[in-house]
Amino acid sequence: MIRSVIKGVGSALPERVMTNADISKIVDTSDEWITERTGIRARHIAGEGETTRSLAVMASRKALDHAGMRPNDIDMVIVATSTPDNTFPATATMVQADLGIQHGAAFDIQAVCTGFVYALTTADSLIKAGQAKAALVIGAETFSRILDWNDRTTCVLFGDGAGAFVLTAEEGEGANSDQGLLASKIRADGRYADKLYVDGGPSTTKTVGYLRMEGREVFKHAVNNIATVMDDVMRRAGTTANDIQWFVPHQANRRILEGVAKKLGVDESRFVMTVAYHGNTSAASIPLAFDVAVKDGRIERGQMVLMEAMGGGFTWGAALARY
Ligand code: ACO
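Residues numbered from 1 in each chain as written. Predicted model: local features only at pLDDT ≥ 70, side-chain atom pairs only at ≥ 80, totals over all residues. Heavy atoms only, no water.

## Details of the sheet that holds strand β5 (residues 105-109)
Strands sit in the order β1-β7-β6-β4-β5 across an open sheet of 5 strands; the sheet is mixed. Of all strands in the sheet, those bounded by a partner on one side alone are β1 (2-12) and β5. Pairwise comparison of adjacent strand axes, ignoring direction, gives a mean angle of 20° for this sheet. Where β1 meets strand β7 (residues 160-171), 10 bridges bridge the pair, whose relative direction is antiparallel. Note that in β7 the partner of G10 across the bridge is A164. On the sheet, helix α3 (residues 52-67) packs against β1, β6 (134-142) and β7 and is oriented at approximately 120° with respect to β1. (Pairing = 2+ DSSP bridges. Helix = DSSP H or I, 4+ residues; strand = E, 2+ residues; numbered from the N terminus. Axes fitted to C-alpha atoms, helices over the stretch in contact; angles between N-to-C directions. Contact = heavy atoms within 4.5 Å.)

The structure is reproduced here in structure tokens:
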């Protein structure tokens, strides 16, 4: 059977770092409060000229270099984002153009913080269906542009950045020993749309709007939803947490990740955590964290890695891969 193999990974962060101390000069908060409740110490914030598109392109070039491939080898570009450069066209088409690719397909996926898991699942399905042979799957966000910088309950949580995977179609045995994506599951329950949303849009207010969130409500659902979908994916693949070397979660909040690790009975040291220095970068957080752990030597070829996320919608999902 065809497998979507992760040939290369890359990431990009804006130059400017904003620490908790910097934020406490903008809103009534403290390093102590933010660190204790979220584990976040700093985040990168896009400057003028740094956009979702430019971060996505930078991450993609690094992923292509890592894979030893050229832009022209790619025949599908997917960008998971909730902060596109424009309402349309899709940021993916801009990335495609910047990379000089003139064939294949390019489109965006909108599942907020779960965007990268949705994008991986979509890319894998299209690769298996013969629509593409090599895909760039990107998570890229500039959430700083949709934050209400007067609202201390949300502006302390998020950051900007991008991460990318190069996926290629390879022949596998159909067994768990195969390299590539082994199983995934995506979920949504729109009854909770008003718990985490942006209060504007082209068809309603004709503005971009600002992020609004009932933090406690999100927290309440997060651990259960994430742990359940991870179990589901492990069951689909016929494997258990013991066989999986690394967990690369969406980086929303350290306490959510600790809760998930505890529920799964997995030691936290097997969870790749970058939330302290990236904050919550929404759809970018999984590929960003994955890239950090590959480049620092934690994630090695042949190891099994389980990725998971939950976000606005609510949406949630998980994807298991052998790297
Ligand atoms: N600095 C100082 N005080 C603050 C801040 C802040 N930045 N934000 C809120 N407070 C105050 C509140 O006003 C409140 O004060 P009060 O008791 O006088 O009314 C107090 O702190 C407690 O507020 P809560 O909202 O109850 O704090 P909680 O312990 O729930 O922590 C948090 C808030 C961190 C947002 C938590 O609910 C959370 O992590 N939720 C998950 C949200 C999340 O991660 N969302 C990301 C997107 S979804 C995803 O990616 C999974």
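Now, onward.
## Here we look at the pattern of salt bridges
All told, the structure shown has 18 salt bridges when counted by the stated rule. Ionic pairing is found between R53 and D98, a salt bridge with its closest N-O pair at 2.8 Å. Pair noted here: R53 is in helix α3 and D98 is in helix α4 (residues 91-98), with a separation of 45 residues, a long-range link. Of the charged contacts in the structure, one is a salt bridge between K195 and E214, with a shortest N-O distance of 3.6 Å. One end of the pair, K195, is in the loop between β8 (180-188) and β9 (196-198); the other, E214, is in the loop between β10 (211-213) and α7 (215-237), and 19 residues separate them in sequence. The class for E214 is partly exposed, based on a relative accessible area of 37%. Put simply, D148, D199 and R212 are held in one network by salt bridges that share partners. (Salt bridge = Lys/Arg side-chain N within 4 Å of Asp/Glu carboxyl O. Buried < 20%, exposed > 50% of the residue type's maximum accessible area, 1.4 Å probe, protein only.)

## Observations concerning the site of the ligand
Around the ligand, the surrounding shell holds 23 residues, and the nearest of these are T29, R37, R216, H250 and N253. Note that an oxygen atom of the ligand is positioned 2.8 Å from one of the side-chain N or O atoms of H250. Residue N253 places a side-chain N or O atom 2.4 Å away from an oxygen atom belonging to the ligand. Here the ligand has 1000 Å² of accessible area as a free molecule, and 76% of this is covered by the chains. Counting residues per element, the ones that place at least two in the shell around the ligand are α2 (31-38), α6 (152-155), α7 and α8 (254-264). Considering each element in turn, the shell around the ligand owes the most residues, 4 residues, to α7. Here the residues of the shell around the ligand sort into 11 nonpolar, 7 polar and 5 charged. In this structure, the shell around the ligand is formed jointly by two domains, domain 1 (2-171) and domain 2 (180-322), each of which donates at least three residues. (Near = heavy atom within 4 Å. Polar contact = N/O pair within 3.5 Å; in protein donor to acceptor, adjacent residues only side chain to side chain. Areas by Shrake-Rupley, 256 points an atom, 1.4 Å probe, with all protein chains shown as cover. Nonpolar A, V, L, I, M, F, W, Y, C, P; charged D, E, K, R; others polar. Domains from an automatic or database assignment.)

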